[in-house]
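Report on the structure
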Amino acid sequence: MQALSLAFAAGIFTAFDSRQVSLVILTVLIGLTVAGMRKMFRHTHVVMVIGGTSVLLGVLAVLTLAYLVTYRAV
């Protein structure tokens, strides 16, 4: 039991790579933006869809670019 608790404690205190944390945060933000766009398509009027989609596409482009730069794909 003591070995298991030591292994668990070692797993908790390992240092997180800031790149991995950034990728997780950016992935969550991209997912939330896409989910917001899908919900907006269903629940708003045409004028709001056009304006909101253009704004959210800009946000999505910035988040995707940040993801690619963080992932070192660019």
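Residues numbered from 1 in each chain as written. Predicted model: local features only at pLDDT ≥ 70, side-chain atom pairs only at ≥ 80, totals over all residues. Heavy atoms only, no water.

Before going further, it helps to spend a moment on the side chain of Thr70. Mapped onto the elements, Thr70 comes out in helix α3 (residues 46–71). Judged by relative accessible area, Thr70 falls into the buried class, the value being 18%. A distance of 2.7 Å separates a polar side-chain atom of Thr70 from the backbone oxygen of Ala66. Sequence-distant contacts of Thr70, defined by excluding residues within four places in its chain, comprise Arg19, Ser22, Leu23 and Leu26. (Helix = DSSP H or I, 4+ residues; strand = E, 2+ residues; numbered from the N terminus. Buried < 20%, exposed > 50% of the residue type's maximum accessible area, 1.4 Å probe, protein only. Polar contact = N/O pair within 3.5 Å; in protein donor to acceptor, adjacent residues only side chain to side chain. Contact = heavy atoms within 4.5 Å.)

Look at helix α2 (residues 18–43): 37 Å from first C-alpha to last across 26 residues, which is about the 38 Å you get at 1.5 Å a residue. Within the span of α2, buried status applies to Leu23, Leu26, Ile30, Thr33, Met37 and Met40. Tucked inside the fold, the buried residues of α2 contact α3. (Expected span 1.5 Å × (residues − 1).)

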